[in-house]
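Coordinates in review
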Amino acid sequence: MIVKALGFALAAALLPGTPAPPTDLHDCANATTRCDGSIDVPLDWENPSSERISVAFAWIPAEGAGGTVVANLGGPGPTLPTIPEMQRVLGPVLERKNLLVMDPRGMGKSSPLLCQGAGIEKPETIAACARSVGPRGAYFTADQASHDLDAIRKALGVGKVSFYGNSYGTLYAQAYAARHPGGLDAIFLDSSMIVDPDGYANWENYWSWRRQFDLVCERSRACDALPGSASDTWTRLVDRLRKQPDAEVSVFQTSALKRMSEPVFGREATAAANAYLRGDPAPLRRLARLVPTTLPPANDPYVAGYLGFRCGDGSFPFDRLASATERQAQAERYYERVRPLAPYQISDIFPGIGTVEPCINWPTPRHSPPRPPGQMLPTVPVLVMAGELDMNSPAEVARSLRAFPNATVVRVPFGPHALTSPASPMGDCVRGMLRTFLTTKQVTDQKCTGENYRALGAFPQTVGDVPPHPARELSTAQQRVLAATFATASDAIARRNPNSTVYTRVQNEPGLRGGQVTFGQDVTLDEVRFVRDLRVSGPIKLTSEGRATATLRAETGGRTHEVTLSWTAFSTRPSLSGSFDGIPFD
């Protein structure tokens, strides 16, 4: 349904150039169940006579309405298809609060920008797409979208709203807060985009893997004891693979393995790299089996809308008003001098692409900072959740959001991007903080954390390489077999870390040096060799609370040992008890 009779008289309470909201209400304003609609808005909000475009939204009223939540989970991309995920995350909040969701202009049902055959992995198509879209492409940006959202809010007769933004949704929230501060009563930001002093979004921290590598390793006594820094070890690995290619581990695959927010990678990557450099390739090759050898082909019909926002809202190492040729030269000089991808080269990650930044070929003739530089943002309560293993560090997020006078930034140890999403204890904790905040406007720090492991320092190759477990009841030889058996079991259970996303669909995996691990109701070991001279078989039961119990048969040196183990998995201080050949230990 299109709202008619939009008035464009300037209101003193609004920013210069911002038209007044419509005076009549949309049909959805009286809906008692979900209502999908649209309104007509100007392409350029500062020019009321400009082309009209349609912006779509969904309005989901609550039975006992106690306010409204506006939500955007990021992208930039279509937002209406993400409503089921929003409902899962917000949960009981929606029993009392309405939900308002808008497809950003250029996306989904909101006058989509479409370029047949265009893709960010195909730079030769971007310039042609930009020519096809023409000058109107400069208006598909967060500053314009903020006015669209306020027009919808007024068309529904809604008062102040709480904004829940994740990832790129946090940039929409900042743009809205800068232009319509009177429309807000609270803001919750998850995995925030950071804004440079010029008001544009910073994209450079996408390559902040060195910080993440070193942070994870420094938290582990075993990993931190390795020579050099973790990031330097990984750099040496990449250089080795470039000079001496390995058919089972490509340089491209290592670029995915450096994602420290995946617990198995964080736990093992540095030790696996160190082992590879010392002549033991098995640990690294095992990790690489789960990683694609190339990027999957992109198939995004809204690539033009994506580029409109990314390029129009972003800050890049080239002049926004320069030609594509000049931009290319500026970017090449920057990457040669700064080398933000080091030790990687662009061709390692994006084969066939001459530059990592597709915005080189997307014109940005309009001054359109999402957050006008120097502007303080409203004094409403703001809760910001920042994961240590996100692209932007909590400290960087806090500095960027100082413009909110009443912002609280909560650091989540080992937290990944999109903290409100995971189906894990950490995700449950962050969602609890979100729900409490939106309901009460109060910040209750629940000490959410994803820090439930420690990075390994080494991958032993034999039982003799394993430090003995300090079970006083056992001999030194028995202590070593016990320790190696536990290392085998904990290695398998690590692949069921509740914060994992890569391993959730893995049903079986070869043991590090032989045998097979099967992941079902139990985790079953079948002659698994974590070290070469020990075979371990038997089931491991894992409770939802993370308590693991195992009844195992360990074979080494011609002898078979019966071992029972009980420990707290996914802990930085796992406690172990059980028995070895009938001898209890604690």
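Our structure's up above, just so we're on the same page.
Residues numbered from 1 in each chain as written. Predicted model: local features only at pLDDT ≥ 70, side-chain atom pairs only at ≥ 80, totals over all residues. Heavy atoms only, no water.

**Considering the overall build of the protein chain**
- Of regular secondary structure, the protein chain possesses 16 helices and 18 strands.
- For 586 residues, the compact-globule formula gives about 25 Å, and the C-alpha radius of gyration of the protein chain, at 27 Å, lands near that figure.
- Of the contacts formed within the protein chain by residues at least 6 apart in sequence, a portion of 66% connects residues at least 24 apart.
- When the accessible surface of the protein chain is summed, it comes to about 24,200 Å², and 52% of that surface belongs to carbon and sulfur atoms. (Helix = DSSP H or I, 4+ residues; strand = E, 2+ residues; numbered from the N terminus. Rg over C-alpha atoms; globule rule 2.2 N^0.38 Å. Contact = heavy atoms within 4.5 Å. Areas by Shrake-Rupley, 256 points an atom, 1.4 Å probe, with all protein chains shown as cover.)

**Here's the deal with the pattern of salt bridges**
- What the rule picks out here adds up to 29 salt bridges.
- Here Asp 150 and Arg 153 are joined by a salt bridge, their closest N and O atoms 2.9 Å apart. Here Asp 150 and its partner Arg 153 are both found in helix H3 (residues 142–155), three residues apart, which amounts to about one turn of the helix. Both residues of the pair, Asp 150 and Arg 153, count as buried.
- Each member of the salt-bridge network shares a partner with another, and the members are Arg 267, Glu 268, Arg 286, Asp 491, Arg 495 and Glu 509. (Salt bridge = Lys/Arg side-chain N within 4 Å of Asp/Glu carboxyl O. Buried < 20%, exposed > 50% of the residue type's maximum accessible area, 1.4 Å probe, protein only.)

**Comments concerning the sheet that holds strand E12 (residues 516–519)**
- Within the open sheet, the eight strands sit side by side as E11-E12-E13-E14-E15-E16-E17-E18. Their pairing is antiparallel. Of all the strands in the sheet, just strand E11 (508–510) and strand E18 (583–585) have a single pairing partner and so form its edges. Within the sheet, the average angular offset between the axes of one strand and its neighbour, ignoring direction, is 10 degrees.
- Relative to strand E16 (residues 559–568), strand E15 (residues 547–556) is paired through 10 bridges, and the arrangement is antiparallel. Following the sheet pairing, Glu 555 is matched in E16 by Thr 560. (Pairing = 2+ DSSP bridges. Axes fitted to C-alpha atoms, helices over the stretch in contact; angles between N-to-C directions.)

**Some details on the sheet that holds strand E4 (residues 98–102)**
- Spatially, E1-E2-E4-E3-E5-E6-E9-E10 is the arrangement adopted by the eight strands of the open sheet, whose pairing is mixed. The strands lining the two open edges of the sheet, one partner per strand, are strand E1 (35–42) and strand E10 (407–412). Each strand axis lies, on average, 20 degrees off the axis of its neighbour in the sheet, ignoring direction.
- Sheet topology places strand E2 (residues 52–60) next to E4; four bridges connect them, and they run antiparallel. For Ile 60, the partnering residue across the bridge sits in E4 and is Leu 99.

**Things to note about the nonpolar core**
- Among the nonpolar cores identified, the biggest contains 75 residues, and Trp 234, Leu 525, Ile 540, Leu 565 and Trp 567 are the most heavily contacted of them.
- When residues in this core are grouped by element, the largest group, nine residues, is from helix H16 (residues 476–493).
- Dropping the residues within four chain positions of it, Ile 540 is found in contact with Ala 489, Ile 493, Asp 522, Val 523, Leu 525, Ala 548, Thr 549, Ala 550, Leu 552 and Trp 567.
- Core analysis: the second largest hydrophobic core is formed by 71 residues, Leu 100, Ala 177, Ala 331 and Phe 404 among them. (Core = buried A, V, L, I, M, F, W, Y, C linked by side-chain atoms within 4.5 Å.)

**What to know about unusual backbone geometry**
- With an omega of 0 degrees, the peptide bond between Gly 75 and Pro 76 qualifies as cis.
- Mapped onto the elements, Pro 76 comes out in the loop between strand E3 (68–72) and helix H1 (83–90).
- Located in the positive-phi region is Ala 418, a residue other than glycine, with phi close to 60 degrees.
- Summarising the element assignment, Ala 418 is placed in the loop between E10 and helix H15 (425–440).
- A positive phi angle, close to 55 degrees, is found at Phe 570, a residue other than glycine.
- When you line up the elements, Phe 570 lands in the loop between E16 and strand E17 (576–580).

**Some words on the pairing of E16**
- Connecting E15 to the next strand, E16, in antiparallel fashion are two residues, including Gly 557 with a positive phi near 55 degrees.
- Taken together, the five bridges between E16 and E17 define a ladder with antiparallel strand orientation. Across the sheet, residue Ser 566 finds its bridge partner in E17, namely Ser 577.

**Some remarks on the packing of H3 against helix H4 (residues 168–179)**
- Where H3 contacts H4, the axes come no closer than 8 Å and their chain directions differ by 70 degrees. Between H3 and H4, the angle falls in the class roughly perpendicular. At the point where H3 passes H4, the crossing takes the right-handed sense. Facing H3, whose interface residues are Ala 142, Asp 143, Ala 145, Ser 146, His 147, Leu 149, Asp 150 and Arg 153, H4 presents Tyr 172, Ala 175, Tyr 176 and Arg 179. (Parallel < 35°, antiparallel > 145°, perpendicular 65-115°, else oblique. Left-handed = near helix turned anticlockwise from the far one by under 90°.)

**A closer look at helix H11 (residues 303–313)**
- For H11, a buried count of 11 out of 11 residues is recorded, marking the element as mostly surrounded by other parts of the structure.
- Every buried residue of H11 is listed here: Val 303, Ala 304, Gly 305, Tyr 306, Leu 307, Gly 308, Phe 309, Arg 310, Cys 311, Gly 312 and Asp 313.
- Tucked into the core, H11 has its buried residues touching helix H2 (123–133), H3, H4, strand E7 (201–202) and strand E8 (314–315).

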